[in-house]
Amino acid sequence: MDIVKVAVIGIAGVMLSIIMKNSRSEYAQLVALVTAAVGALGTGAVVFCYVTARIKIVIESVNGFMGHVGVESRYITILVKMTGIAYVSEFASSMCRDAGYQAVASQIEIFAKLSLLAVSLPVVTALINTIESSI
């Protein structure tokens, strides 16, 4: 997914900025910042991996609902993609915001909103077609 690439780029840019903005006189602060950022990233990564492991259970449950309700699988796929975009973008923007880079966090959020819009277009199109056919 593109959102994962954008999230990784955003986080990498923030980490690089943290390293580059400090001078030699602030070397001790640089070490503290990098250690804190890596610690936060490590903790966040562990939580993120734990959550993704649980997503399998959710997908299996949704597949079970699909059999009973009769919803087309492409709509469920779109829903899962949208949920993934929302979680990844929230994770990445929070990491950037915690590091003090609100502008990068906002850019990731804007990209995520546009991605959500693009992914949801088939649902909107189906809704419009349904409304047209009922008129």
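Residues numbered from 1 in each chain as written. Predicted model: local features only at pLDDT ≥ 70, side-chain atom pairs only at ≥ 80, totals over all residues. Heavy atoms only, no water.

Right, let's talk about the overall build of the protein chain for a bit. Assigned secondary structure in the protein chain consists of four helices and zero strands. Reading the secondary structure of the protein chain in the N-to-C direction produces α-α-α-α. Residues classed as buried in the protein chain amount to 21% of the 135 residues present. At a minimum sequence separation of 6, the contacts of the protein chain that also span at least 24 residues come to 68%. By element, 70% of the accessible surface of the protein chain is carried by carbon and sulfur atoms, the whole surface being about 9200 Å². (Helix = DSSP H or I, 4+ residues; strand = E, 2+ residues; numbered from the N terminus. Buried < 20%, exposed > 50% of the residue type's maximum accessible area, 1.4 Å probe, protein only. Contact = heavy atoms within 4.5 Å. Areas by Shrake-Rupley, 256 points an atom, 1.4 Å probe, with all protein chains shown as cover.)

Here we come to the pattern of salt bridges. Pairs can form between side chains of opposite charge whenever their charged atoms are close. One pass over the full model with this rule turns up one salt bridge. Among the salt bridges present, the one from Arg-97 reaches Glu-109, with a minimum N-O distance of 3.1 Å. You can see Arg-97 sitting in helix α3 (residues 73-98) and its partner Glu-109 sitting in helix α4 (residues 102-134), a full twelve residues away along the chain. A relative accessible area of 33% places Arg-97 in the partly exposed class. (Salt bridge = Lys/Arg side-chain N within 4 Å of Asp/Glu carboxyl O.)

This brings us to a nonpolar patch on the surface. A contiguous nonpolar surface patch, about 550 Å² in accessible area, is contributed by Ile-110, Leu-114, Leu-117, Leu-121, Val-124 and Ile-128. By the element assignment, Leu-117 lies in helix α4. (Patch = residues over 30% accessible without salt bridge, like charges linked within 9 Å, V, L, I, M, F, W, Y side chains within 5 Å.)

So, about the nonpolar core. Ala-7, Ile-11, Val-88, Ala-92, Met-95, Cys-96, Ala-105 and Ile-108 together form the largest nonpolar core, which totals eight residues. Secondary-structure elements contributing two or more residues to this core are α1 (2-21), α3 and α4. It is α3 that contributes the most residues to this core, four residues altogether. (Core = buried A, V, L, I, M, F, W, Y, C linked by side-chain atoms within 4.5 Å.)

The next subject is the environment of Arg-74. Of note, Arg-74 is situated in helix α3. In this structure, the C-alpha to C-alpha distance between Arg-74 and Pro-122, residues 48 residues apart in sequence, is 9.2 Å. A distance of 2.9 Å separates the side chain of Arg-74 from the side chain of Tyr-75, its partner in a polar contact. (Polar contact = N/O pair within 3.5 Å; in protein donor to acceptor, adjacent residues only side chain to side chain.)

Right, let's get into the side chain of Ser-120. Relative to the helices and strands, Ser-120 resides in helix α4. Excluding residues that lie within four positions of it along the chain, Ser-120 makes contacts with Ile-78 and Met-82.

With that settled, consider the packing of α3 against α4. For the pair α3 and α4, the least separation of the axes is 8 Å and the interaxial angle reads 175°. On the basis of the axis angle, α3 is roughly antiparallel to α4. Of the residues contributing to the contact of α3 with α4, the split by class is 15 nonpolar, six polar and three charged. (Axes fitted to C-alpha atoms, helices over the stretch in contact; angles between N-to-C directions. Parallel < 35°, antiparallel > 145°, perpendicular 65-115°, else oblique. Nonpolar A, V, L, I, M, F, W, Y, C, P; charged D, E, K, R; others polar.)

For the rest of this paragraph, the subject is α3. In this model, α3 (26 residues) spans 37 Å end to end at C-alpha, consistent with the 38 Å of a helix rising 1.5 Å per residue. Among the residues making up α3, those that are buried are Ile-76, Ile-78, Ile-85, Val-88, Ser-89, Ala-92, Ser-93, Met-95 and Cys-96. Once α3 finishes, Gly-100 follows within two positions and takes phi at roughly 95°, a positive value. (Expected span 1.5 Å × (residues − 1).)

With that settled, the discussion passes to the environment of Ile-55. Note on placement: Ile-55 falls in helix α2 (residues 27-69). When the C-alpha positions of Ile-55 and Gly-84 are compared, they lie 9.6 Å apart, and in sequence the two are 29 residues distant.

By themselves, these figures tell us nothing about what the structure is for.
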